[in-house]
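# Chain and residue survey
Below are the chains, spelled out letter by letter.
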Amino acid sequence: MRKDFLVFGSPLIGEEEIKEVVDSLRSGWIGTGPKVAKFEKMFREYKGVPFAVALNSCTAALHLSLLAIGLKPGDEVITTTMTFCASVNAIIHAKATPVFVDCQRDTMNVDPREIEKNITHKTRAILPVHFAGRPCDMDAIMDIAKKHKLKVIEDCAHAIEAEYKGNKTGTFGDLACFSFYVTKNIITGEGGMVITLHEEYADTIKVLGLHGMSRDAWKRFSDDGYKHYQVVYPGFKYNMMDLQASIGIHQLKKVQANWKKRKAIWSAYNKAFKDMPVETPAPVEGNTKHAFHLYTILVDKEKTGISRDAFLDAMTLENIGVGVHYRSILTHPYYQQTFKLNPEDYPNSYYIGERTVSLPFSAKLTDKDVNDVIEAVRRVLGKG
Ligand SMILES: *Cc1c(COP(=O)(O)O)cnc(C)c1O
């Protein structure tokens, strides 16, 4: 058995990132400054979009994106039951009402037919999540949005590298949000980004993200001399620091190299688990690029003899860190009680949520780590 514990989602950080952080510390400019501006520029170029605003999380990015489209209380935003709570909380904090639709059983992405069924005269936006890095069916979603005049905000927290029919995720909707949290495909510790094709959204988000101060208030202490700022809205404290951008600049340079490493791990896992009684991820759809953020297996007690939760414990005893992404949103008491919903009415996300296990899948994994994970799964299932 493996001797040291393999931490789930531990990021790959190089000397470049470390040197850049130290450079910021020595420069004395730690907060929002030139490195944030550089990271935003690199991100714009990576995605081929005119506007990018760096923030301190994807949750902040989702919140401000939903505010930017001008939602009013009672407006409805349709999202998926197979996502992280932040996608839903952002809708609630924008004072709109989340409307939940089930995911597809195989892709785990939101089912466009379910979106259409749930549209009412109050629907204003769709918030799809490119789950695990697999791009959603954006043709279908954008057709629905166009037909019903809805805004689309893409939750790209898992999907920085993903592409759909030759176009990059995040370039379909009105706005798109990215996460650089420690377990994500590129990391800044905590961090997020909004991209958009629309200047007015970018301007609004920049202002809302820094106390509601008028544009470029962060420059007020620069060597151009002190400048007064004006507060134009009661905003939020969501700006990214140069310390974070220092990491992001170098992470973004390595995004493709690290993607290739995870792609190889994906293939190794697929091959190893083919003959085991667990369900592996659906194949990557043609004409798409999967971002390979999560590698999930479904552990069904009827097939394996071991329950998902017992499997999680057994893997931990094998010194392999595991995750669950996610239990259906509606298994959480707040959403269940507030919106009077039953998780079993969302059978696909409920089925997945009670069986899914995320295996270690970071670009940091060595061949031996990957082999240790495979051996541990084999042993744990053998016990089942
Ligand atoms: C991680 C995640 C978020 C939130 O990202 P933070 O940067 O941690 O705020 C939002 N949506 C999804 C789908 C996520 O996985």
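In this report, the structure presented in the accompanying data block is examined. (Residues numbered from 1 in each chain as written. Predicted model: local features only at pLDDT ≥ 70, side-chain atom pairs only at ≥ 80, totals over all residues. Heavy atoms only, no water.)

Turning our attention to the pattern of salt bridges. Going through the model one piece at a time under the given rule, you end up with 24 salt bridges. One salt bridge connects Glu 45 with Lys 41, and the closest N-O pair in it is separated by 3.0 Å. Remark: Lys 41 and Glu 45 occur in helix H2 (residues 34–47); sequence separation between them is four residues, near one turn of the helix. What makes Lys 41 partly exposed here is its relative accessible area of 44%. One salt bridge connects Lys 368 with Asp 372, and the closest N-O pair in it is separated by 2.8 Å. A residue pair is termed a helical-turn pair when its members lie 3 or 4 positions apart in one helix, as Lys 368 and Asp 372 do in helix H14 (residues 367–383) at four residues. (Salt bridge = Lys/Arg side-chain N within 4 Å of Asp/Glu carboxyl O. Helix = DSSP H or I, 4+ residues; strand = E, 2+ residues; numbered from the N terminus. Buried < 20%, exposed > 50% of the residue type's maximum accessible area, 1.4 Å probe, protein only.)

With respect to the helices and strands, Ser 57 occurs in the loop between strand S1 (51–55) and helix H3 (58–68). Within the local environment of Ser 57, its side chain forms a polar contact with the backbone nitrogen of Thr 59, the two atoms lying 3.3 Å apart. If near-sequence neighbours (up to four positions away) are discounted, Ser 57 is found in contact with Gly 191 and Gly 192. (Polar contact = N/O pair within 3.5 Å; in protein donor to acceptor, adjacent residues only side chain to side chain. Contact = heavy atoms within 4.5 Å.)

Here we take up the environment of Val 101. Tracing the sequence through the fold places Val 101 in strand S3 (residues 97–101). The class for Val 101 is buried, based on a relative accessible area of 1%. Expressed as a C-alpha distance, the spacing of Val 101 and Ile 195, which sit 94 residues apart in the sequence, is 25 Å. In this view, Val 101 contacts Ile 78, Thr 79, Thr 80, Thr 81, Val 110, Glu 114, Ile 115, Asn 118 and Tyr 346; residues no more than four positions away in its chain are not counted.

Spatial strand order, S7-S6-S10: three strands in an open sheet with antiparallel pairing. Either end of the sheet is taken by a strand with one partner, and the two such strands are strand S7 (167–168) and strand S10 (288–289). Taken together, the two bridges between strand S6 (residues 163–164) and S10 define a ladder with antiparallel strand orientation. When the sheet's bridge partners are listed, Tyr 164 is paired in S10 with Thr 288. (Pairing = 2+ DSSP bridges.)

Counting 31 residues, the largest nonpolar core has Tyr 269, Phe 273, Ile 297, Phe 311, Met 315, Leu 359 and Val 377 as its most contacted members. It is H14 that contributes the most residues to this core, seven residues altogether. If we skip the residues at most four places from it in the chain, Tyr 269 touches Tyr 295, Leu 359, Pro 360, Phe 361, Leu 365, Val 370, Val 373 and Ile 374. Grouped together as the second largest cluster of nonpolar side chains are 29 residues, Ala 68, Ala 94, Ala 125 and Leu 208 included. (Core = buried A, V, L, I, M, F, W, Y, C linked by side-chain atoms within 4.5 Å.)

Okay, the site of the ligand next. Near the ligand, the surroundings consist of 16 residues, among which Thr 59, Asp 155, His 158, Ser 179 and Lys 184 are the closest. In the model, an oxygen atom of the ligand is placed 2.7 Å from a nitrogen or oxygen of the His 158 side chain. In the model, an oxygen atom of the ligand is placed 2.7 Å from a nitrogen or oxygen of the Ser 179 side chain. Protein chains shield 94% of the accessible area of the ligand, which is 380 Å² for the free molecule. Listing elements by their share of the shell around the ligand, those giving two or more residues are H3 and helix H4 (85–93). (Near = heavy atom within 4 Å. Areas by Shrake-Rupley, 256 points an atom, 1.4 Å probe, with all protein chains shown as cover.)

Okay, the packing of H2 against helix H8 (residues 242–253) next. Here H2 crosses H8 at 30 degrees, and the two axes come no closer than 8 Å. Considering the angle they form, H2 stands roughly parallel to H8. Classified by chirality, the crossing of H8 by H2 is left-handed. Between H2 and H8, the contacting residues are Pro 34, Lys 35, Val 36, Lys 38, Phe 39, Met 42, Phe 43 and Tyr 46 on the first element and Asp 242, Ala 245, Ser 246, Gly 248, Ile 249, Leu 252 and Lys 253 on the second. Considering only residue class, the contact of H2 with H8 consists of nine nonpolar, two polar and four charged. (Axes fitted to C-alpha atoms, helices over the stretch in contact; angles between N-to-C directions. Parallel < 35°, antiparallel > 145°, perpendicular 65-115°, else oblique. Left-handed = near helix turned anticlockwise from the far one by under 90°. Nonpolar A, V, L, I, M, F, W, Y, C, P; charged D, E, K, R; others polar.)

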